[in-house]
Amino acid sequence: MSELARQTLQETSRKLAAREISSAAVVEAVLSQIEKLNLSLNAYVNVNADKARAAAKAADEARAKGDSRPLLGVPVSVKDVLNVKGQPCTCGSKILRGYTSPYDTTAIAKLKSAGAVILGRTNMDEFAMGSSNENSCYGPAKNPWDLSRVPGGSSGGSAVAVAADMAIAALGSDTGGSVRQPASFCSCVGLKPSYGRTSRYGLTAYASSLDQIGPFGKTVADVAMLLGAMAGHDPMDSTSANVPVPDYTAALKTDLKGMKLGLPKEYFIEGVDREVGEIVRAAIAQCEKLGAEIVEVSLPRTKYAIATYYVIATAEASANLARFDGVRYGARVDGEDPIDMYGKTRAAGFGSEVKRRIILGTYVLSSGYYDAYYVRAQKVRTLIQREFSEAFTKCDALLTPVSPMPAWKLGEKADDPLQTYLADIFTVTANLAGICGMSVPCGFTAGKLPVGLQILGPAFREETIFRVGHAYEQATSWHSMRPKI
Ligand code: GLN
């Protein structure tokens, strides 16, 4: 495989700046890796080879004329939930077949204006609902470390693409773990920014109070660089925060002296796979060696997180997905009258997990049940938020597993949605609390399955979790391991 596809984002951008390599060559290297592997990994649902080649050529020409934007000519791939002007955006769903985006997602417009080349669209669970990528109308992406296993989800394709060098970097979205969990299953770095850190404009909404766009990279520094390019206030999204964006790359250090890192005892419970627990504990010991003080903290309401998340997320989804009715977007199945047409379109267009969630969300919002489920879930959400604020008075960041288990077999949990929901226990809390979280590769099980370390930080303190992740990464070599496919 060409070394150019294997490079990190930082290496790529440095070598492009030094004119040691051309953007055209990088794009060609990544395209040939996609050509070689996509049939077996199913990471991409759409590749814009011609447009990417043209954009790379234009970037090389601009560079020759003195253009020195940091991402100039760097190829980045995006999850199929993000709108890119002139491209299809199907969210892994049959209901959006034939739909073309009329505008750019703000995060993508920002990457483009920093010079990035948008290379292709990655596979995902339909409308970002799932943790295995098995709920995709294109069939599942496969885990590059073991093709019989899931890559995680819902941003499975983005994680696979980065881990298997089919992308230099990629974007995903994280509503309850969809960037961090596939990053941990595939062994790459994945970040969920704080709620409001990046604009959601152009991200097809799943659960608007939880959704954030997040970057995947080969290293923490790559993810820090991408966040710096994407973040900031956007008048098109009133929930994007009007706070300054720090220089994330400058915050990266190689030690953890003077830092306090918390271990929430409720995240090291029975039910966590033995090897996952051991690997994460070894990573924590490594952080201690780097100078951090480790303190135990308690987040007792973690046990309510799954129930709270699946009430709020499905309630919001039931409202957000009402717009897919055969009138405005994508596919339509004709009926005798409009009502009949809506029903037939939605029955044929949505997959079973999406239907399950629309029904559940409609139920928890219906009169008579609203107070018992939705209002109560909002109250518990506030308590979970307060618990995190309290924990962050005792430490700078928290260290936990990302998932209680490594990647499971394809089909293993397909008949039991509850088992899949329960596996989200350690990731949904960050979305409920609005804080930031990242998965960093921290080892492999005896069966050679990757394990991720989750680093959680207070809202708008991404620089803190980058510092922890980068220092850990500099002291270990897990992030440089590659699957043999
Ligand atoms: N697995 C969670 C769900 O199915 C999270 C998905 C996400 O973050 N988009 O809702």
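The following refers to the structure shown. Just so it is clear, the model here is predicted, and its values are computed rather than measured.

In this section: the nonpolar core. Counting 142 residues, the largest nonpolar core has Phe127, Phe388 and Phe466 as its most contacted members. Looking at this core, the element that brings in the most residues is helix H10 (residues 305-320), giving nine residues. Setting aside its immediate chain neighbours within four residues, Phe466 contacts Leu191, Val220, Val223, Ala224, Leu227, Tyr248, Leu252 and Met438. Core analysis: the second largest hydrophobic core is formed by five residues, Val150, Phe185, Ala407 and Ala423 among them.

Take the site of the ligand next. The environment of the ligand is made up of 15 residues, and the closest members are Thr175, Gly176, Ser178, Tyr206 and Tyr309. One of the side-chain nitrogen or oxygen atoms of Tyr206 is found 2.7 Å away from an oxygen atom of the ligand. Here an oxygen atom of the ligand sits 2.6 Å away from a polar atom, N or O, in the side chain of Tyr309. Protein contacts shield 99% of the accessible area of the ligand, which totals 290 Å² for the unbound molecule. Partitioned by chemical class, the residues of the shell around the ligand number five nonpolar, seven polar and three charged.

Moving on, we come to the sheet that holds strand S10 (residues 436-444). Pairing is mixed in the open sheet, where eleven strands are placed in the order S1-S3-S2-S4-S6-S5-S10-S11-S9-S7-S8. Either end of the sheet is taken by a strand with one partner, and the two such strands are strand S1 (44-47) and strand S8 (293-297). In this sheet, adjacent strand axes meet at a mean angle of 30 degrees when their direction is disregarded. Docked against the sheet, helix H16 (residues 462-475) engages strand S5 (189-192), strand S7 (260-264), strand S9 (397-401), S10 and strand S11 (450-457), running at close to 10 degrees with respect to S10.

What counts as what
Residues numbered from 1 in each chain as written. Predicted model: local features only at pLDDT ≥ 70, side-chain atom pairs only at ≥ 80, totals over all residues. Heavy atoms only, no water. Core = buried A, V, L, I, M, F, W, Y, C linked by side-chain atoms within 4.5 Å. Buried < 20%, exposed > 50% of the residue type's maximum accessible area, 1.4 Å probe, protein only. Helix = DSSP H or I, 4+ residues; strand = E, 2+ residues; numbered from the N terminus. Contact = heavy atoms within 4.5 Å. Near = heavy atom within 4 Å. Polar contact = N/O pair within 3.5 Å; in protein donor to acceptor, adjacent residues only side chain to side chain. Areas by Shrake-Rupley, 256 points an atom, 1.4 Å probe, with all protein chains shown as cover. Nonpolar A, V, L, I, M, F, W, Y, C, P; charged D, E, K, R; others polar. Pairing = 2+ DSSP bridges. Axes fitted to C-alpha atoms, helices over the stretch in contact; angles between N-to-C directions.

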